[in-house]
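Tertiary structure, described
These are the residues of each chain, in order.
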Amino acid sequence: MTPLRVVQVGAGGMGRAWLGTVAADPEVELVGIVDLDLDAARAGAETAGDPSIPVGTSLTALAAETGAEAVLDVTVPVAHHPITLEALHAGLPVLGEKPAAQTVAEALSLAAAAESTGVLFMVSQSRRYNDRLVAFRQHVRGLGDLGTLSTRFAKAPHFGGFREEMDDVLLLDMAIHPFDSARYVLERDPVSVYCESYNPSWSWYRGDAAAAAVFTFEDDIRYVYDGSWCAPGAETSWNGDWRASGAAGTALWDGDHDPSSDLDGTPGSPAAADGVGEEIAGALSSFVRALRTGVTPDGEVHGNIMSLAMVEAAIASTRSGQRVVIDEVLDRAHAEALAAERDDAARERLAAWGSVRNALTAAVPATG
Ligand SMILES: NC(=O)c1ccc[n+]([C@@H]2O[C@H](COP(=O)([O-])OP(=O)(O)OC[C@H]3O[C@@H](n4cnc5c(N)ncnc54)[C@H](O)[C@@H]3O)[C@@H](O)[C@H]2O)c1
């Protein structure tokens, strides 16, 4: 198979990680780098090991010039909606960094555009690509009826830059990873949430760097998140510390090492599962495989939006002090998306959806 010709948009901090991953993957070939900041694009070409790689500020122009077959979007969240639309309408499948878009409404618009153009939009929710997370789910499957899943997340990073200035930094920039992993592990979707976010007195972040949330999932399962980005001492892993409790026992995962389970006092031995690769490299392989086979990948935009809805619902709960129903968040976002949609075909798709939840969870047609 000849490698897939990709243009990468965005060559900032995370963009450099992607350039290294693309260079290491023989199934893809980087044919161009787009960035509003041409110096960043040129520096990206150096990082990719080939300063002669074409660079530009226009995705449409560079993709046409280089004969690109797909787009990697590693821009900032505010640019995810316009860049993805530009690519889909040019017939170019997109693998985009999380979050799918800045808001659930924009993400619904992108799901509708993927439907109306018939072109794949996959979100790289990188922490899903972890064989130990897959193994943890295998343990959880052995617990029988489930009661509770919980994540404790405690880190104390000094990032500098935009994260220390933004609102709701923990919920918006980080919590989508464990929220998405909770959906993956439970194999169910969320129903409602009560959340309190807060900022400890010693926090070096302007926005709330800590949050406690209780989600109710389908089948009355609780997912409890207790996270902080300003919790020095005895830090957890970046994936957090996980515990699942079911009728037959408990499963544990520290986020870094092999998970375990205890079933009625004996160690659980779950069935082996296929490997999924490691973080963004796993997402990239899954994207290429999807384009080659037509199989819908994990992270296809419809399947990813509920994780973003969990973030938006948690923030709405913390603002209102009330429990927030996820379907209400989805319905409000749907109305907003319909009102804002400028593309007739995408608006028709949005208007044809019955319940948003059903539109997001129904089988998605094979993509190309
Ligand atoms: N999966 C993870 O663990 C992880 C970690 C860090 C960042 N991210 C995600 O990666 C994305 C990028 O984050 P970052 O830290 O690299 O940001 P960044 O600000 O360092 O880089 C973004 C780059 O995109 C460029 N850009 C912005 N708008 C553009 C547009 N319209 N067209 C072309 N270029 C544009 C900027 O000039 C900049 O060079 C974000 O969505 C972020 O959430 C994911």
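Here is a short report on the structure shown in this document. (Residues numbered from 1 in each chain as written. Predicted model: local features only at pLDDT ≥ 70, side-chain atom pairs only at ≥ 80, totals over all residues. Heavy atoms only, no water.)

The next point concerns the overall build of the protein. The helix and strand tally for the protein stands at 13 helices and 15 strands. A globule of 368 residues ought to have a C-alpha radius of gyration of about 21 Å, and the protein, at 20 Å, matches this closely. Counting only contacts in the protein whose residues sit at least 6 apart along the sequence, the fraction spanning at least 24 positions is 72%. With an accessible surface of roughly 15,400 Å², the protein has 51% of that area assigned to carbon and sulfur atoms. Distance between charge centres in the protein, computed from 26 positive and 52 negative side chains, equals 2 Å. (Helix = DSSP H or I, 4+ residues; strand = E, 2+ residues; numbered from the N terminus. Rg over C-alpha atoms; globule rule 2.2 N^0.38 Å. Contact = heavy atoms within 4.5 Å. Areas by Shrake-Rupley, 256 points an atom, 1.4 Å probe, with all protein chains shown as cover. Lys, Arg positive; Asp, Glu negative; His and termini not counted. Charge placed at Lys NZ, Arg CZ, Asp CG, Glu CD.)

Note the cis peptide between Lys98 and Pro99, where omega equals -10 degrees. Tracing the sequence through the fold places Pro99 in the loop between β5 (94–97) and α5 (104–117). Although it is not a glycine, Asp219 adopts a positive phi angle of roughly 65 degrees. In this fold, Asp219 is placed in the loop between β9 (210–217) and β10 (221–228). Residue classification places Asp219 among the exposed residues on the basis of a relative accessible area of 56%. One non-glycine residue, Ala234, lies in the positive phi region at around 45 degrees. (Buried < 20%, exposed > 50% of the residue type's maximum accessible area, 1.4 Å probe, protein only.)

Spatial ordering of the open sheet is given by β3-β2-β1-β4-β5-β6, a layout of 6 strands whose pairing is parallel. Of all the strands in the sheet, just β3 (55–56) and β6 (121–124) have a single pairing partner and so form its edges. As defined by bridge partners, strand β1 (residues 4–9) adjoins strand β2 (residues 28–34) across 6 bridges and the pair is classed as parallel. Looking at β2, one finds that Leu4 is bridged to Val28. (Pairing = 2+ DSSP bridges.)

Using the criterion set out here, one finds 13 aromatic pairs in the structure. Here the aromatic rings of Trp229 and Trp238 are separated by 6.4 Å at their centres, their planes lie at 70 degrees, and the arrangement is edge-to-face. Residue Trp229 is classed as buried on the basis of its relative accessible area, which comes to 1%. The structure contains a cluster of three or more aromatic residues connected by ring pairs, namely Phe136, Phe179, Phe215, Phe217, Tyr223, Tyr225, Trp242 and Trp253. One cation-aromatic arrangement involves Arg137 over Tyr184; the distance from NZ or CZ to the ring centre is 3.9 Å. Here the guanidinium or amino end of Arg163 rests over the ring plane of Phe159, the centre of that ring lying 4.8 Å away. (Phe/Tyr/Trp six-rings, centres within 6.5 Å; stacked < 30°, edge-to-face > 60°. Lys NZ or Arg CZ within 6 Å of the ring centre and 35° of its normal.)

Per the counting criterion, the structure on display carries 22 salt bridges. Its salt-bridge partner being Arg183, residue Asp180 comes within 3.9 Å of it at the nearest N-O pair. On the criterion of helical spacing, the pair formed by Asp180 and Arg183 is a turn pair, its members being 3 residues apart in helix α8 (residues 176–186). Across the pair Asp327 and Arg357 runs a salt bridge, and its minimum N-O distance is 2.8 Å. Note that Asp327 is positioned in helix α11 (residues 326–340) and Arg357 in helix α13 (residues 356–361), a separation of 30 residues in sequence. The exposure class assigned to Asp327 is partly exposed, which follows from its relative accessible area of 32%. (Salt bridge = Lys/Arg side-chain N within 4 Å of Asp/Glu carboxyl O.)

Take the site of the ligand next. Residues in contact with the ligand amount to 21 residues; listed here are only the nearest, Gly13, Met14, Asp35, Lys98 and Ser126. Starting from 860 Å² of accessible surface for the ligand in isolation, the protein chains cover 79%. Counting residues per element, the ones that place at least two in the shell around the ligand are α1 (13–23) and α4 (77–89). Sort the elements by how many residues they give to the shell around the ligand and α4 lands first, with 4 residues. Looking at the shell around the ligand, its residues break down into 9 nonpolar, 8 polar and 4 charged. (Near = heavy atom within 4 Å. Nonpolar A, V, L, I, M, F, W, Y, C, P; charged D, E, K, R; others polar.)

Across soluble globular proteins, nonpolar side chains have a tendency to be buried as a group. Grouped together as the largest cluster of nonpolar side chains are 89 residues, with contacts concentrated most on Leu108, Phe136, Leu149, Phe179, Phe215 and Tyr223. It is helix α10 (residues 301–320) that contributes the most residues to this core, 10 residues altogether. With 26 residues, the next largest nonpolar core counts Leu4, Trp18, Ile53 and Leu284 among its residues. (Core = buried A, V, L, I, M, F, W, Y, C linked by side-chain atoms within 4.5 Å.)

This paragraph deals with the environment of Glu278. Structurally, Glu278 can be placed in the loop between β14 (266–267) and α9 (279–293). Residue classification places Glu278 among the partly exposed residues on the basis of a relative accessible area of 49%. Residues Glu278 and Ala43, 235 residues apart in the sequence, show an inter-C-alpha distance of 25 Å.

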